[in-house]
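Letter by letter, the chains look like this.
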Amino acid sequence: MGWPRNILLWNLMAALITLGQARPKFSSHASNRLKPDCVGNLMRLSLHEALAVGNQLEVEAINGTTNIALTPSLAAQCGYSMESDPWGNTRIYTSLLACYVDNKNDEVFNIGLALKMYSQSLSEIVTHNVAHTCSYSQWASREILCDRNYMEVSHRMAKTDDAVKGHTQEEESNAVPEASAAHGIWKMTFYTPEPVSMVQREAEQAGYSSMITSKRVVMRSPYNTPETYSEDVAGVPMEVFRVSAYYKDPHGLSVVNMVAACPTGKFELTSQSGVLFTDDIISWHVPYRITPLLDGTFKVVEIHMGINGQRLDKAQISTRGYKLATTEFHIIVEIPIGAPDGYFKSHAPDYQYHIVYMVEPMLEVLWTAGNGREDTRYKVLFPITTPLIPRPPRHQDDTATGDRMFAVLLGDFLQDVELRNITFTTGVLTVQECNARGYIVQEHIALDNSKGFSLHVPFDADVVLKRNPELLVTEYVLPVSFGLVVVPEEVPFSHTLELHATLEDVVLPSLTGICDESNFYLSVKYGSQGSNFQTWLGPQHLTEEVLELYNFQENGTHFSLIVPYNAKDTAFEIITSNSIRARADLLLYDHINNRALANLFLACTFPLITTNCYSNGTMTAVAVKVESLNNLTPGSLTLKDTSCKPVFSDDRFAYFSFSIDSCGTTRTFFSHYVMYENEIGHFNTRNSYKRTSLATAPDPEYRQTISCYYVVNETKAISFGYKPRGVDFATQVGQGHFDVKMKLAYDSSYQSCYKDEEFPVTKYLREPLYFDVFLESSDPNLELLLDNCWATLHEDSTSTPSWDIIVDGCENQDDGYSTTFLPVHNPKVEFPYQHKHFSVKMFTFIRDEEVLEDQIYFHCNAVICDSNQMEGICRRDCAYPRDSSYTYPGMNWKGKRDDSSQRLTSSGLIHLKY
């Protein structure tokens, strides 16, 4: 069966209560869902939404044994109208003077309607026949009805003789277009306002309806026909239908002048349409004096307002917040927006959510003409729709960080809005797909019947974005876009929002490591973010290929590496004659947020023989590039004789092999042994280092002393142990009123000295020791002079054995390795004459050709003198005279003091290194 053509169809869709719920099945038990009632000169049939869910509706008028399908044009011509809300609640209005109504003497009216329900698939049609009788006898002389799709006016006919009365008792058919030739309207003249005449058949073909009942002449016109015209009445546009009807009765030809005027602008509501809007109130203005309907004076007898064709009494008007008032020019009906007799409807222009409020007030006015003999009942059903009201959706963020769950409630929507899908960062999911994946979507109905939708998504879902604004903090972000539609029109719109939650829930990865004689063993335990980081070993990013070189093992919670100590990605810190200190720097790096997650600096000492002495007179040595010499190229190193180059080198090592009587090797004889010594270094430094920026400080000069001691037939290897220099030491502080200190400098520049925590200091035999003995005083009149300095085997300055270094302010003449006095030219020293610099070569104590200990302490007695009174011991003159360039500003002592004071100071422990 095809769709019925040219039929008045209504698509009635009911609101769904729960997402995904099946639509209610059609029920044929409609006795309590079809409600006819009589409202004045209209019959109203109310159809409950449950009866129309998911169906199409066709309305037919029952005319005896025949059903007449009411097309929209035929309904307006014959006095039928219908309106429906979004949920399917429908009202059908039938004028008591409509076509196909069984009219009994204009007092009793029998109306029959057939409602046909077509299912969506057209596979099932159910018909409900409705018959209802209305009684109405309160006809005014003139009745004007303004319905939503037509204007109707009827006049009481003048009383005639008994023959006419006998005619009125006959049953009227009122069928269109058949009118009685003897007793019917035969001609009409319309005024536009120019006169236009038509016979009845022509008028019917033009869409007009006319009839004579037992007592009344009836004319009806749809809106916007050629024979109607517009007129402004008290600022309200009205459509006017003016006609003179000529009809025959037994006594001859009669004529009646009829006019109807109805307010228009129902679908273009502006201030000119008589309807005004505020945010809360609808004000409907109807002219108090409708001039097209009045020729002279008049008197208003009754004014009633109603809703949906039904009058309201004063109590009902007050309870619902309505107001009915009159002014000199208007009758005003005020209705609060949202009043219960209307309803809201959703719209989505430009994909933005809006609502309108729709209500159908009724105004009924009864007035009498000036002579009091003629009265007029004027009734208007005027559906009003507000302009679009923006209603941006709102969301309530109910996210519970403790439950690690995003929760949001989106609303408020009307019942005609449905949620169809949700767009996440990974794509679009239907509501059913969301629930299947554990993203719970629910629909909620509030007490005010508004609708909302809730969404619950776990923090760990793949649609949630994660970032770490702080090291231990995770920010969870859920961008979503709700895809909604307005039904039944299926108009789409959407609402996008972004939820944020922050938790201090990051567990950082941890690193551990151990060493054996050859390797570093490194282990990483994953944190809460798994393996989402980069791994760096020293300067090397460990890609999958590089990891395999280090025996990478992984089990889901940990991974481990085995790194040889001499791998290219480790660092060398210190070398000695028999070991090397290497370090593995392991870094776990968050490259997204550009920060370190964890690091491990594991330094271990590994065995390494750097110098070997052979009985055949051959020496071998290994030079190692340590990290403090970043720009060193090992292959450019040589021995003292620069023609002696490495026999092998790479970017970290240089290996030398030479005989002890070559390459500039020196020889020194001692009582029971002979020492052969050479140096590895850069003796022609022009091309020794890689090019560096002028702004970059150059590496320290590389010198590595290598020595071989041959004792009798025994060969012993001694090697220089390289340590980076650059930290200060403090000596013991002497006792007394003045503080005198002794420090051991790194070198002859005296730019920096060893600190207390660096003692004991290790030095090679005959290596120069640079001492600084100084007075801590801000008095420029004081000068420090050295009296005696000596060395002991023990910390006690009075212990034995001891050896004099400086005697009476001069070097010890009995010492084959004499002390050297050095000038004080350090710009950091404020008072140079309060410092004394000297150097002595490292030695040790021997008894019976045996070394007593490999340690030594140095001590000095210093004299503090008044530079203005250099007398007595302060006048002593030796190889280290006072610098004549010093000047001594005068200062008078405010208190009594000795002209000279002697103080004792000592160095820290110094180890002899072989």
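Residues numbered from 1 in each chain as written. Predicted model: local features only at pLDDT ≥ 70, side-chain atom pairs only at ≥ 80, totals over all residues. Heavy atoms only, no water.

**Re the environment of Gly79**
This is how the line gets drawn: A run of DSSP states H or I qualifies as a helix once it reaches four residues; a run of E qualifies as a strand once it reaches two. Both are numbered from the N-terminal end. Residue contacts follow a heavy-atom distance rule, with two residues in contact if any of their heavy atoms lie within 4.5 Å.
Here Gly79 is to be found in the loop between α2 (72-78) and β6 (80-84). On a C-alpha basis, the gap between Gly79 and Glu152 in space is 7.8 Å, while along the polypeptide they are 73 residues apart. Here Gly79 is in contact with Tyr93, Thr94, Ser95, Ala98, Tyr150 and Arg220, once residues within four sequence places are set aside.

**Side note on the pattern of salt bridges**
Basically, it comes down to this: Every case where a carboxyl oxygen of Asp or Glu lies within 4 Å of a side-chain nitrogen of Lys or Arg is listed as a salt bridge. Between buried and exposed lies partly exposed: a residue is buried under 20% and exposed over 50% of the maximum accessible area for its type, with that area taken using a 1.4 Å probe on protein chains only.
For the structure shown, the criterion picks out 29 salt bridges. Note that Arg91 and Glu83 form a salt bridge whose closest N and O atoms lie 2.0 Å from each other. Each member of the pair, Arg91 as well as Glu83, carries the same accessibility label: buried. Two residues, Glu627 and Arg583, come together in a salt bridge whose shortest N-O distance is 2.7 Å. With Glu627 in the loop between β51 (618-624) and β52 (648-649) and Arg583 in strand β48 (residues 579-590), this residue pair connects regions lying 44 residues apart in the sequence. Through salt bridges with shared partners, one network takes in Glu573, Arg581, Arg583, Asp585 and Glu627.

**Quick notes on the nonpolar core**
Operational definition: The definition of a nonpolar core used throughout is a set of buried Ala, Val, Leu, Ile, Met, Phe, Trp, Tyr and Cys residues joined through side-chain atoms within 4.5 Å.
Core analysis: the biggest nonpolar cluster contains 57 residues, and Phe190, Val217, Met219, Phe241, Trp284 and Tyr378 have the highest contact counts within it. It is strand β18 (residues 236-249) that contributes the most residues to this core, seven residues altogether. Each residue touching Phe241, except ones within four places of it in the same chain, is listed here: Met151, Val153, Phe190, Tyr208, Met219, Arg220, Ser221, Thr228, Met258, Val259 and Ala260. Core analysis: the next-biggest nonpolar cluster, separate from the first, contains 54 residues, Phe533, Phe572, Cys644 and Phe653 among them.

**Description of the state of the cysteines**
Note: disulfide means a covalent bond formed between the sulfur atoms of two cysteine side chains. Worth spelling out the cut-off: Any pair of cysteine sulfurs within 2.5 Å is marked as a disulfide.
Evaluation of the coordinates by the stated rule reveals six disulfides. Each sulfur in the disulfide pair Cys38 and Cys134 lies 1.9 Å from the other. Sign of the S-S torsion, about -95° for the bond between Cys38 and Cys134, identifies this disulfide as left-handed. In this pair, Cys38 sits in strand β2 (residues 34-39) while Cys134 sits in strand β10 (residues 125-135), placing the two residues 96 residues apart along the sequence. Relative accessible area serves as the criterion here: at 32%, Cys38 is assigned to the partly exposed category.

**Brief notes about a nonpolar patch on the surface**
Filter applied, for reference: To count toward a patch, a residue needs a relative accessible area above 30% and no salt bridge. Like charges then connect within 9 Å, nonpolar side chains (Val, Leu, Ile, Met, Phe, Trp, Tyr) within 5 Å. Areas reported as accessible are Shrake-Rupley estimates using a 1.4 Å probe. Residue values count occlusion only from the protein chains shown.
Together, Val647, Phe648 and Tyr655 give the surface a local cluster of nonpolar side chains, amounting to about 300 Å² of exposed area. With respect to the helices and strands, the residue Tyr655 is situated in strand β53 (residues 653-659).

**What about the sheet that holds β6?**
Worth spelling out the cut-off: The pairing criterion for strands is at least two bridges between them, as found by DSSP. Note on method: axes are straight lines fitted to C-alpha atoms, helices fitted across the in-contact stretch only, with angles between N-to-C directions ranging 0 to 180 degrees.
With respect to topology, four strands assemble into an open sheet ordered β2-β3-β7-β6, the strand pairing being antiparallel. Strands at the two margins of the open sheet, each flanked by one partner only, are β2 and β6. The average angle at which neighbouring strand axes cross in this sheet is 20°, direction not considered. With six bridges joining them, strand β3 (residues 42-47) and strand β7 (residues 90-95) adopt antiparallel strand pairing. In the sheet register, Ser46 faces β7, and the bridge partner there is Arg91.

**Quick look at the environment of Cys708**
For Cys708, the position within the fold is in strand β56 (residues 703-711). For Cys708, a relative accessible area of 0% translates into the label buried. A C-alpha to C-alpha distance of 8.1 Å links Cys708 and Asn612, two positions 96 residues apart in sequence.

**Some details on the confidence of the model for the protein chain**
Applied cut-off: Every residue is assigned a pLDDT by the predictor, reflecting its confidence on a scale from 0 to 100.
In the predicted model, the protein chain carries a mean pLDDT of 82, and 82% of its residues have values of at least 70. Predicted confidence for residues 712-737 stays below pLDDT 50, and this span has 97 contacts to residues more than four positions away or in other chains. For the stretch residues 879-900, pLDDT sits under 50, and the model shows 44 contacts to residues farther than four places along the chain or on other chains.

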